[in-house]
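Close look at the chain arrangement
Read off the chains here:
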Amino acid sequence: MWPRRASGRRCRGTPAPPPRRPPRRSPSVSGPARPEGWALGGQPHRRTLSSSSTPSRQNWSRPVDADVIIVGAGLAGLTAAHELTSAGRKVALVEQENAANLGGQAWWSFGGLFLVDSAEQRRLRVRDSFELAWNDWLGSAQFDRRDDEDSWGYRWARAYVEFAAGEKRSWLVGHGLKFLPTVGWAERGDLRADGHGNSVPRFHVTWGTGTGVVAPFVASAKRAAAAGLLTFHHRHRVDELVVTDGAVVGVRGTVLAHDDAARGVASNREAIGGFELSAQAVIVTSGGIGANHELVRRLWPERLGKAPGFMVTGVPAYVDGRMLQISEQAGARLVNRDRMWHYTEGLRNWDPVWAGHGIRILPGPSSMWFDALGRRLPAPYLPGYDTLGTLRHLRTDPEIARYDHSWFVLTRQIVEKEFALSGSEQNPDITANDRKAFLRERLVGKGAPAPVAAFVEKGADFAVARDLEELVAKMNAMTDESLLDAATLRRQIEARDRQIANPYSKDAQVQGIRNSRRYIGDRLGRTATPHRILDPAAGPLIGVKLNILTRKTLGGIQTDLDSRVLTADGSPIAGLYAAGEVAGFGGGGMHGYNALEGTFLGGCLFSGRTAGRAAAESTAS
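Residues numbered from 1 in each chain as written. Predicted model: local features only at pLDDT ≥ 70, side-chain atom pairs only at ≥ 80, totals over all residues. Heavy atoms only, no water.

1. Section: the overall build of the chain
- Helix and strand counts for the chain stand at 18 helices and 22 strands.
- Split into buried and exposed, the 621 residues of the chain put 64% on the buried side.
- For the chain, the accessible surface area stands at approximately 23600 Å², while carbon and sulfur atoms represent 50% of it. (Helix = DSSP H or I, 4+ residues; strand = E, 2+ residues; numbered from the N terminus. Buried < 20%, exposed > 50% of the residue type's maximum accessible area, 1.4 Å probe, protein only. Areas by Shrake-Rupley, 256 points an atom, 1.4 Å probe, with all protein chains shown as cover.)

Dropping the structure here:
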């Protein structure tokens with residue numbers, strides 16, 4: 001049926017890092033100590049430990065196992081490792097999953113990066129600036145805890161936007177990254193000049209998607225391992241940060257049984273022993289809480305209404321939030337835990353990798369959006385505009401809060417031109433760096449891209465019909481209750497269709513469609529020619545059931561501008577750093593309440609780079 005400019009230098013006013021502690025080396029031993037046991041797969045580990053056999057740190061001397069331990073082998077951890085090994089430091093990279101999962105969540109991503117006043121923007125005649133981007137960021141973040149939980153997040157936000165407007169692109173290009181010629185206009189916002197959203201397109205997709213972003217840092221880690229500067233400790237789960245005299249000096253945990261599970265597939269948690277590693281510093285880069293639905297619901301903020309009973313999961317099972325509590329037990333302050341980022345356009349993956357695997361639609365502006373009762377969502381809750389505003393609307397309206405879904409109604413023409421799916425595996429042309437396939441699939445070819453067509457054909461959340469009455473009957477069959485009325489939907493769709501006759505309109509969504517087509521990037525590849533939804537020539541009609549998809553943690557471990565972990569009184573914990581999502585991408589929440597998209601991978605890169613450079617300096621000889 002379907003055809004197939006900132007830098008990593010310390011900001012002025014930031015306290016200097018603590019002096020380096022001397023390596024904990026035994027005078028009788030040169031080099032790393034010989035491990036007493038071996039985990040499956042040949043990975044060394046320390047003696048098996050139990051609560052009764054754990055040795056006291058007092059009067060116990062032995063060599064450090066590395067200059068720095070990094071907990072988590074995702075993008076932030078790999079970026080930190082690159083900075084450290086480039087400076088000649090020895091790194092122990094500790095990861096509970098197997099080697100197939102190097103790169104973590106980032107590997108699965110679409111590869112979008114937030115850049116300001118880039119060469120790609122200028123070629124498309126997009127006028128951007130630091131001032132405009134910073135205004136957008138502040139309008140989105142809505143920092144309201146500046147004297148407390150937002151004190152460092154605000155400073156991280158400023159530093160990050162400076163980075164995105166300055167050095168970021170050249171630094172990434174220096175690592176071999178290249179960008180698609182078109183720039184996406186993600187998260188268009190709440191329709192206020194000083195409110196949430198991107199005033200201009202800033203979403204730069206990397207050739208290679210998330211795999212391409214991760215690749216140079218994976219390669220760097222492997223080169224460092226071959227040179228003896230980095231040791232991988234796969235299937236090692238950290239259960240404790242070791243603290244001695246107020247300083248973090250290592251990690252303890254559990255060695256997990258060997259597991260050959262493919263990337264993203266849940267692995268076993270069978271314990272086969274214990275381990276302990278020591279170092280001068282530890283960097284926590286363990287990610288967020290997106291796969292831990294129990295924790296997501298427990299932290300769900302009142303302002304977002306009722307937590308959903310059913311959600312799909314946008315991240316693998318290992319994104320469980322464990323290291324947040326473990327870091328807190330070592331003295332770290334956790335802030336802004338009520339801030340999170342979940343999408344309302346989630347699909348159940350017809351070919352799942354992990355349990356409850358969800359895929360997000362990256363929608364263009366033309367689909368009509370209805371709640372579970374068939375009422376059109378009001379502006380600014382339009383496709384691609386205001387993620388959390390839409391989530392709040394759906395979860396706080398008492399008439400619909402008990403339902404965990406909403407609906408898109410659209411046409412064949414819209415799905416062919418406007419639908420994209422988030423994820424490296426859902427974009428094989430871009431992931432494979434196949435320019436010809438990209439042109440064929442996205443710009444000059446007919447029909448929907450193959451992954452989209454597969455979801456329309458096989459996905460449990462799609463209904464296709466020749467007329468509206470048939471479509472509504474199929475949509476009602478997809479829910480426990482028949483909540484939709486064809487006559488009610490027809491009245492709303494026909495009212496919208498009447499607005500298409502002229503090149504101007506009073507309908508906010510139709511205005512947005514025409515605004516979008518003024519931008520050449522959207523006109524070429526992301527916004528269908530305006531047409532009536534009920535025009536038979538544009539059909540068939542398509543109904544899409546939309547689920548809430550868990551994704552990102554916006555709060556976390558509070559850090560200063562050197563990524564040093566802070567305590568409740570604001571003082572740094574000697575030897576402990578944090579980066580990436582576990583640190584709210586910097587400072588415990590640089591996004592505030594909302595994100596502008598393309599800032600999650602970039603946040604991992606920026607905070608990982610910062611942590612690596614700071615830890616390298618603090619462990620310098």
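2. Quick look at a nonpolar patch on the surface
- Together, Leu439, Leu443, Val444, Ile520 and Leu524 give the surface a local cluster of nonpolar side chains, amounting to about 440 Å² of exposed area.
- Among the secondary structure elements, those contributing two or more residues to the nonpolar patch are helix H12 (435–444) and helix H17 (520–525).
- Sorting elements by how many residues they give to the nonpolar patch places H12 first, with 3 residues. (Patch = residues over 30% accessible without salt bridge, like charges linked within 9 Å, V, L, I, M, F, W, Y side chains within 5 Å. Salt bridge = Lys/Arg side-chain N within 4 Å of Asp/Glu carboxyl O.)

3. Notes on the side chain of Gln426
- The residue Gln426 is located in the loop between strand S17 (420–421) and helix H11 (428–431) in this model.
- Contact partners of Gln426, with chain neighbours within four places excluded, come to Asn349, Ile359, Leu421, Pro451 and Phe455. (Contact = heavy atoms within 4.5 Å.)

4. What about the environment of Tyr318?
- Among the structural elements, Tyr318 can be located in the loop between strand S11 (312–313) and helix H8 (322–329).
- Residue class for Tyr318 comes out buried when judged on its relative accessible area of 12%.
- Between the C-alpha atom of Tyr318 and that of Gln105, which follows or precedes it by 213 residues, the distance is 9.4 Å.
- Those residues within four positions of Tyr318 in sequence are excluded, and the remaining contacts are Gln96, Glu97, Asn101, Gly104, Gln105, Trp108 and Arg269.

5. Some points on the packing of helix H1 (residues 75–86) against helix H18 (residues 599–618)
- In the contact formed by H1 and H18, the axes pass within 7 Å of each other and the chain directions differ by 35°. When you trace H1 past H18, the crossing you get is right-handed. Contact residues: H1 offers Leu75, Ala76, Thr79, Ala80, Glu83 and Leu84, while H18 offers Leu601, Cys604, Leu605, Gly608, Arg609, Gly612, Arg613, Ala615 and Ala616.
- Considering only residue class, the contact of H1 with H18 consists of 9 nonpolar, 3 polar and 3 charged. (Axes fitted to C-alpha atoms, helices over the stretch in contact; angles between N-to-C directions. Left-handed = near helix turned anticlockwise from the far one by under 90°. Nonpolar A, V, L, I, M, F, W, Y, C, P; charged D, E, K, R; others polar.)

6. A word on the pairing of strand S16 (residues 405–411)
- For S16, a buried count of 7 out of 7 residues is recorded, marking the element as mostly surrounded by other parts of the structure.
- Residue alternation in S16 divides its side chains into two sets, His405, Trp407, Val409 and Thr411 and Ser406, Phe408 and Leu410, and both sets are buried.
- With 3 bridges joining them, strand S15 (residues 368–370) and S16 adopt antiparallel strand pairing. Opposite Met368, over in S16, you have Val409 as the bridge partner. (Pairing = 2+ DSSP bridges.)

7. Focus on the environment of Val353
- Within the secondary structure, Val353 is located in the loop between strand S13 (340–348) and strand S14 (358–362).
- Between the alpha carbons of Val353 and Ala266 there is a distance of 8.7 Å; along the sequence they are 87 residues apart.
- Leave out the neighbours within four places in its chain, and Val353 touches Trp108, Arg263, Gly264 and Val265.

8. Section: the side chain of Arg252
- With respect to the element layout, Arg252 can be found in strand S9 (residues 247–256).
- Exposure remark for Arg252: the relative accessible area of 11% places this residue in the buried category.
- In terms of polar contacts, Arg252 uses its side chain to reach the side chain of Glu276, at 3.0 Å. (Polar contact = N/O pair within 3.5 Å; in protein donor to acceptor, adjacent residues only side chain to side chain.)

9. With respect to the packing of helix H4 (residues 151–165) against H18
- Here H4 crosses H18 at 100°, and the two axes come no closer than 11 Å. Put simply, H4 runs roughly perpendicular to H18. Contacts between H4 and H18 involve Trp156, Ala159, Tyr160 and Phe163 from the former and Thr599, Gly602, Gly603, Phe606, Ser607, Arg609 and Thr610 from the latter.
- Within the contact of H4 with H18, the residues separate by chemical class into 5 nonpolar, 5 polar and 1 charged. (Parallel < 35°, antiparallel > 145°, perpendicular 65-115°, else oblique.)

10. Notes on the packing of aromatic side chains
- Evaluation of the coordinates by the stated rule reveals 21 aromatic pairs.
- Aromatic side chains Phe130 and Trp134 sit 6.5 Å apart centroid to centroid with 10° between the ring planes, which places their arrangement in the stacked category. One end of the pair is Phe130 and the other is Trp134, both in helix H3 (residues 130–141) and 4 residues apart, which spans about a single turn.
- Phe130 gets classed as buried once you look at its relative accessible area, which sits at 18%.
- Taking the relative accessible area as the measure of exposure, Trp134 reaches 8% and is therefore buried.
- The interplanar angle of 50° and the centroid separation of 6.4 Å between the aromatic rings of Tyr160 and Phe163 together place this pair among those described as tilted. In this pair, Tyr160 and Phe163 are both assigned in helix H4, 3 residues apart and thus about one turn of the helix distant.
- We classify Tyr160 as buried; its relative accessible area is 0%.
- In this structure Phe163 comes out as buried when scored by relative accessible area, which is 1%.
- Among the aromatic residues, those joined into a ring-pair cluster are Phe114, Trp137, Trp156, Tyr160, Phe163, Trp171, Phe217 and Phe606.
- Its end group placed over the ring of Tyr154, Arg146 keeps NZ or CZ at 3.5 Å from the ring centre.
- Positioned over the ring face of Trp207 is Arg435, at 4.1 Å from the centre of the ring. (Phe/Tyr/Trp six-rings, centres within 6.5 Å; stacked < 30°, edge-to-face > 60°. Lys NZ or Arg CZ within 6 Å of the ring centre and 35° of its normal.)

11. Details of the confidence of the model for the chain
- Summing up the model confidence of the chain, the mean pLDDT is 91 and the portion of residues at 70 or higher is 90%.
- Segment residues 1–62 is flagged for pLDDT under 50; beyond a separation of four residues in sequence, or across chains, it makes 148 contacts in the model. (pLDDT = per-residue confidence, 0-100.)

12. Some thoughts on helix H15 (residues 486–498)
- Across its 13 residues, H15 extends 18 Å between first and last C-alpha, which sits within 8% of the 18 Å expected from 1.5 Å per residue.
- Every buried residue of H15 is accounted for by Ala486, Leu489, Gln492, Ile493, Arg496 and Asp497. Along H15, the residues classed as buried sweep out an arc of 140° about the axis, all on the same side. Looking at H15, the residues exposed on the side facing more than 90 degrees away from the buried face are Ala487, Arg491 and Arg498.
- The inward-facing, buried residues of H15 contact S15, S16, helix H14 (468–476) and helix H16 (508–517). (Expected span 1.5 Å × (residues − 1). Arc of directions from axis to C-beta.)

13. Some remarks on unusual backbone geometry
- Here the amide bond leading from Ala379 into Pro380 is cis, since omega sits at 10°, within 30 degrees of zero.
- With an omega of 10°, the peptide bond running from Gly539 to Pro540 counts as cis.
- Turning to its location among the elements, Pro540 is positioned in the loop between H17 and strand S19 (541–553).
- Of note in this structure, Leu191 is not a glycine but carries a positive phi near 70°.
- Mapped onto the fold, Leu191 is located in the loop between helix H5 (168–174) and strand S6 (203–205).
- Classification of Leu191 by relative accessible area gives exposed; the value is 52%.
- Phi at Ser563 is positive, roughly 65°, even though this residue is not glycine.
- Looking at the secondary structure, you find Ser563 in the loop between strand S20 (556–557) and strand S21 (564–566).

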